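Listed below are the residues making up each chain.
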Amino acid sequence: MNITALKGFKDILPEEALLWQRIEATARDVFQRFGFREIKVPILEKTTLFARSIGETTDIVEKEMYTFVDRNGESLTMRPEGTASVLRSFIEHSLHNQQPVQKLFTFGPMFRHERPQKGRLRQFHQISIEALGANQPELDIEIMAMASMVLTELGLSVSLEINSLGCPQCRPAFNQALLLFLEDKKDDLCEDCQRRRLKNPLRVLDCKNSHCQEHYRLAPSILDHLCPECASHFQTVQDGLTSLEIPFTTNSFMVRGLDYYTRTTFELLTDSLGAQSAVGAGGRYDGLIKQLGGPDLPGIGFAMGMERLVLMLQQQATDQALPASGLFIAALGDKARAAGFAMAQALRRRGLQVLMDYAGASLKSQMKQAGKQNCRHTLIIGDDELERGEGTWRDMISRDQQAIPLPGELSAWSAMVVQRILSDQDS
Ligand code: HAM
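Residue positions are counted from 1 within each chain, in the order its sequence is given. At least 70 in pLDDT is required for a residue's local features to be given in this predicted model, at least 80 for side-chain atom pairs to be given and counted, and no such filter applies to totals for whole chains, interfaces and linings, which use all residues. Hydrogens and water molecules were not included; the side-chain quantities draw on all heavy atoms of the structure.

(A) Expanded view of the overall build of the chain. Strands are runs of DSSP state E lasting at least two residues, helices are runs of H or I lasting at least four, and both sets are numbered from the N terminus onward. A count of helices and strands for the chain gives 15 helices and 16 strands. Viewed in the frame of its principal axes, the chain has a C-alpha envelope of about 95 × 55 × 40 Å. Relative to its full complement of 427 residues, the chain shows a buried share of 51%. Pairs of residues are marked as contacts when any of their non-hydrogen atoms sit within 4.5 Å. Nonlocal contacts in the chain, meaning residues at least 24 apart in sequence, comprise 70% of its contacts between residues at least 6 apart. Here, Shrake-Rupley sampling with a 1.4 Å probe gives the accessible areas, and only protein chains in the shown set may cover a residue. When the accessible surface of the chain is summed, it comes to about 21,200 Å², and 51% of that surface belongs to carbon and sulfur atoms. Accessibility here uses a 1.4 Å probe with only protein chains present; expressed as a share of the type maximum, an area under 20% marks a residue as buried, one over 50% as exposed, and anything in between as partly exposed.

In structure tokens form, the structure reads like this:
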């Protein structure tokens, strides 16, 4: 029986990997403009890190984590998201002592045992950013502007929804209002909501059950319960987005699937991916660093799902054919092949992409390979031609073909070929 990949775990084949490279390069470029620096953190962490940050009553912690006991009897978890790990590292290395505001980004795989479907995997990848150490609303605006710039530069259009989840000052009053609202509906709610109602009332609003959601349509709005500081923070965020001409709508039901958020939360949504509409999401988490044992510093961040970005790029067909590049050396005969291999190596040392056939195929077949591999030029050499000190140069786009001299020494050859390729690039 063939061994196949696990359900919800996906291979990224070379064709698709090109899109991944494009997304990563665009994100890196934009992040650099905003002063973000890369951090790399482990995939495996102690389970308590996620339980304490994401929240014991969230779907992620209750149902979705890949948790196991290792050979030392310790409970470990494959990270379901990046924020907790980056914050753990920030605290462990006292990064706040280096710079008052740390702006960090990371790329990598995350693991959640969800039901796989289009745009939803068990191993998925996030581009994740965190800005730690400033509580001003200007940072919230900048973070959303940065997310929207990445998407714009990728040629993707999404809508931005924002909300404020308040702070420890105003959240209790909202929880009370929500509890009151849920009181006469409690027996008609799903098991999860019944359980979460008393432990963490806000969490019920994140329920995926359509019957529960019917009830919650009339639930009180958190935006009506913000304290003056949170209300003013949220107003500044909205004014800032407006002045930067970043369109948004407010959605007071957006509570996010993780417990650590305070104040601003946001989601970047598309209607082109069916049920998995969130391409990216994030928000402020002003109490989380302290909660994890670090200094009392605020933070905000977001993550985008790579697989969802890739799907969008594939759907929008923004991916134009890549320009042809590199050289194919089509060698016919043993001597020519040996010379071709030596030449390929010499040219690669000079920075060129050079491909060859290894199987001693016919000229026709080698030309086909050159075309398939999108080579810009082909140099055809045969044993007899080589003896005469010449070869054939073919432009794979115009299909022009001409004899070229191949003077005795390899170094002279390779210099001449490089020259020819460069002059073709300029013309
Ligand atoms: P999240 O909303 O759980 O937030 O995930 C962020 C993004 O990751 C989603 O919008 C989606 O694009 C992608 N994503 C999540 N789960 C899956 C999945 N199973 N398959 C494919 N893509 C998925 C967080 O993870 C927070 N750590 C974001 C954050 C950073 N907040 C503050 N800083």
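(B) Molecular detail of unusual backbone geometry. The residue Arg263 is not glycine, and still its phi comes out positive at about 50 degrees. On the accessibility criterion, Arg263 (15% relative accessible area) is buried.

(C) Spotlight on the sheet that holds strand E16 (residues 401-405). Strand pairing follows a simple DSSP-based rule, namely that at least 2 bridges must link the two strands. Taken together, the 5 strands give an open sheet; going across it, the order is E13-E12-E14-E15-E16, and neighbouring strands pair in mixed fashion. The sheet is open, and its two edges are formed by strand E13 (354-356) and E16, each paired on a single side. The sheet shows a mean angle of 25 degrees between the axes of neighbouring strands, direction not considered. Where strand E12 (residues 327-332) and E13 come together, 3 bridges link them in parallel fashion. Bridging across to E13, Leu327 finds its partner in Val354. Across the sheet, helix H12 (residues 334-349) is in contact with E12, E13 and strand E14 (377-382); its angle to E13 comes to roughly 160 degrees. All axes here are fitted lines through C-alpha atoms, helices being fitted over the stretch that makes contact, and every angle between N-to-C directions spans 0 to 180 degrees.

(D) Focus on the packing of aromatic side chains. The criterion for an aromatic pair is that two Phe, Tyr or Trp rings (for Trp, the six-membered ring) have centres within 6.5 Å, with stacked assigned to planes under 30 degrees apart, edge-to-face to planes over 60 apart and tilted to the rest. All told, the structure shown has 9 aromatic pairs when counted by the stated rule. With centroids separated by 5.6 Å and ring planes inclined at 80 degrees, the aromatic side chains of Phe105 and Phe107 adopt a geometry described as edge-to-face. Take Phe107: its relative accessible area is 17%, and that puts it in the buried class. Members of the aromatic cluster, each reached through a chain of ring pairs, are Phe31, Phe36, Phe105 and Phe107.

(E) A look at the side chain of Asp357. In this structure, Asp357 sits in the loop between E13 and helix H13 (363-372). As used in this structure description, the phrase polar contact means that two N or O atoms lie within 3.5 Å; if the pair is within protein, one of them must be able to donate a hydrogen and the other to accept it, and residues adjacent in sequence are counted only when both atoms belong to side chains. A polar contact is formed between the side chain of Asp357 and the backbone nitrogen of Gly360, at a distance of 2.9 Å. Of note is the side chain of Asp357, whose polar atom sits 3.0 Å from the backbone nitrogen of Ala361. Asp357 has contacts with Phe328, Ile329, Arg337, Phe341, Gln366 and Gln369, leaving out every residue within four places of it along the chain.

(F) Summary view of the pairing of strand E9 (residues 262-269). Burial analysis of E9 places 8 of its 8 residues in the buried class, the great majority of the element. Taken together, the 6 bridges between strand E7 (residues 159-164) and E9 define a ladder with antiparallel strand orientation. Within E9, the residue paired with Ser159 across the bridge is Leu269. By the bridge criterion, 6 bridges tie E9 to strand E10 (residues 278-284) in an arrangement that is antiparallel. Bridged to Thr265 within E10 is Gly283.

(G) Region of interest: the pattern of salt bridges. The rule for a salt bridge is simple: a side-chain nitrogen of Lys or Arg has to be within 4 Å of a carboxyl oxygen of Asp or Glu. The tally for this structure, following the rule as stated, stands at 28 salt bridges. The salt bridge partner of Arg33 is Asp29, with a shortest N-O separation of 2.8 Å. In this pair, Arg33 and Asp29 are both assigned in helix H1 (residues 14-33), 4 residues apart and thus about one turn of the helix distant. When its relative accessible area of 42% is taken as the criterion, Arg33 is described as partly exposed. Among the residues examined, Asp29 registers a relative accessible area of 38% and is labelled partly exposed. Between Lys40 and Glu38 there is a salt bridge; the shortest N-O distance is 3.5 Å. The partly exposed category is assigned to Glu38, whose relative accessible area is 32%.

(H) Representation of the nonpolar core within the structure. Core analysis: the largest hydrophobic core is formed by 90 residues, its most contacted members being Phe31, Phe36, Ile127, Ile143, Leu205, Tyr216 and Phe302. Looking at which element gives the most residues to this core, the answer is helix H5 (residues 137-153), with 9 residues. When residues no more than four places from it in sequence are discounted, the contact partners of Ile127 are Ile23, Ala27, Phe31, Thr106, Phe107, Phe302, Ala303, Met304, Met306 and Leu309. Grouping buried Ala, Val, Leu, Ile, Met, Phe, Trp, Tyr and Cys residues that are joined through side-chain atoms within 4.5 Å yields what is termed a nonpolar core. Counting residues in hydrophobic clusters, the runner-up holds 19 residues, among them Ala339, Ala344, Ile404 and Val418.

(I) Quick peek at the site of the ligand. For this description, a residue counts as near a given molecule or strand if any of its non-hydrogen atoms is within 4 Å of it. Around the ligand, the structure places 27 residues, and the nearest of them are Glu81, Glu114, Glu130, Arg256 and Tyr261. The contact in question runs from an oxygen atom of the ligand to an N or O atom on the backbone of Gly305, over 3.2 Å. Burial of the ligand by the surrounding chains reaches 96%, relative to a free accessible area of 660 Å². Where the shell around the ligand is concerned, the elements lending two or more residues are strand E6 (123-132), E10 and strand E11 (299-305). Looking at which element gives the most residues to the shell around the ligand, the answer is E10, with 6 residues. Basically, the charged four are Asp, Glu, Lys and Arg, the nonpolar ten are Ala, Val, Leu, Ile, Met, Phe, Trp, Tyr, Cys and Pro, and anything else, Gly included, counts as polar. Grouping the amino acids of the shell around the ligand by side-chain chemistry returns 12 nonpolar, 8 polar and 7 charged.

(J) A look at the side chain of Asp140. Mapped onto the elements of the fold, Asp140 is located in helix H5. Using a relative accessible area of 0% as the deciding quantity, one classes Asp140 as buried. Among all residues touching Asp140, those that are not within four sequence positions of it are His233, Val237, Thr264, Arg284 and Ile300.

(K) Fine view of the environment of Leu165. By secondary structure assignment, the location of Leu165 is in the loop between E7 and helix H6 (171-183). Looking at Leu165, the relative accessible area reads 2%, which means it is buried. Once the C-alpha coordinates of Leu165 and Arg22 are considered, the two residues, 143 residues apart in sequence, prove to be 34 Å apart. With near-sequence residues (within four places) excluded, Leu165 lies in contact with Arg171, Leu202, Ile222, Met254, Val255, Tyr261, Arg263 and Thr265.

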